[in-house]
Amino acid sequence: MVNISKADKVAIGLPSMPRPEVDIVAYRPATNTVVWVECKSYLDSHGVQMAAFDGSNSKFAKRFRIFTDQTFREIVTGRLVEQLIEEGCALSGASVEHWLVAGKIAHKSATPVADHLAANGWRLIDREWIRASLQAVSKEGYEDDVVTMAAKLLS
């Protein structure tokens, strides 16, 4: 949960919104980089669609607010970094990356979504990336680790 003020909520245009949630936050000390990761599976549907990013579907745009609403993104990202610094989890001057991890992207939207995210400096971790990463893990030697064992079973 990211702590934002009443004034922040008003600036975002959602004065009664609850505190924003972040799916995963990572920090790379070597580069002083905070990574905000949004996870969307959509495994039981057609998948993530470009309509979530281009404004043609307001319902989906709300789910992807971090990518579709610049004011929201700037304010909440700023507060997230401030909070991490105050809690000793990041250093002052940290840079930020926004990632989307999508288990499934609608076939017709795959290229437009990837292009849109790349054009805006955001990183897409899609099914192909996940598959390739699991295959790479499965080729490594024995590890007494559930993830490694599962990757070996799936390959």
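Scroll up a little and you will see the structure.
As the structure is a computational prediction, the values presented were derived from the model and not from experiment.

Attention shifts here to the nonpolar core. Formed by 31 residues in total, the largest nonpolar core has its most connected members in Phe 53, Phe 64, Phe 67, Leu 100 and Leu 117. Secondary structure elements with two or more residues in this core: strand S2 (33-40), helix H2 (51-54), helix H4 (65-68), helix H5 (70-86), strand S3 (95-102) and helix H6 (110-119). Take this core: its biggest share by element is six residues, from H5. Setting aside chain neighbours within four positions, we find Phe 53 in contact with Val 48, Phe 64, Phe 67, Thr 68, Leu 100, Val 113, His 116 and Leu 117. Within the second largest apolar cluster, five residues are counted, among which are Val 35, Val 37, Trp 99 and Val 101.

Glancing now at a nonpolar patch on the surface. The grouping of Trp 129, Ile 130, Leu 134 and Leu 154 at the surface amounts to a nonpolar patch, some 380 Å² of accessible area in total. Counting residues per element, the nonpolar patch draws most heavily on helix H7 (residues 127-138), which supplies three residues. With respect to the element layout, Leu 134 can be found in helix H7.

Let us now look at H5. For H5, with 17 residues, the first-to-last C-alpha span of 24 Å sits near the 24 Å given by 1.5 Å per residue. Of the residues making up H5, those classed as buried are Phe 72, Arg 73, Ile 75, Val 76, Thr 77, Leu 80, Val 81, Gln 83 and Leu 84. Downstream of H5 by one or two residues, Gly 88 has phi in the positive range, about 75°.

Quick look at the environment of Gln 70 now. For Gln 70, the location among the structural elements is in helix H5. Along the backbone, Gln 70 and Glu 143 are 73 residues apart, and their C-alpha atoms lie at a distance of 43 Å.

On the surface, a cluster of negative charge is made up of Glu 140, Glu 143, Asp 144 and Asp 145. In this structure, Asp 145 sits in the loop between H7 and helix H8 (146-154). Among the residues examined, Asp 145 registers a relative accessible area of 33% and is labelled partly exposed.

Conventions adopted
Residues numbered from 1 in each chain as written. Predicted model: local features only at pLDDT ≥ 70, side-chain atom pairs only at ≥ 80, totals over all residues. Heavy atoms only, no water. Core = buried A, V, L, I, M, F, W, Y, C linked by side-chain atoms within 4.5 Å. Buried < 20%, exposed > 50% of the residue type's maximum accessible area, 1.4 Å probe, protein only. Helix = DSSP H or I, 4+ residues; strand = E, 2+ residues; numbered from the N terminus. Contact = heavy atoms within 4.5 Å. Patch = residues over 30% accessible without salt bridge, like charges linked within 9 Å, V, L, I, M, F, W, Y side chains within 5 Å. Areas by Shrake-Rupley, 256 points an atom, 1.4 Å probe, with all protein chains shown as cover. Salt bridge = Lys/Arg side-chain N within 4 Å of Asp/Glu carboxyl O. Expected span 1.5 Å × (residues − 1). Lys, Arg positive; Asp, Glu negative; His and termini not counted. Charge placed at Lys NZ, Arg CZ, Asp CG, Glu CD.

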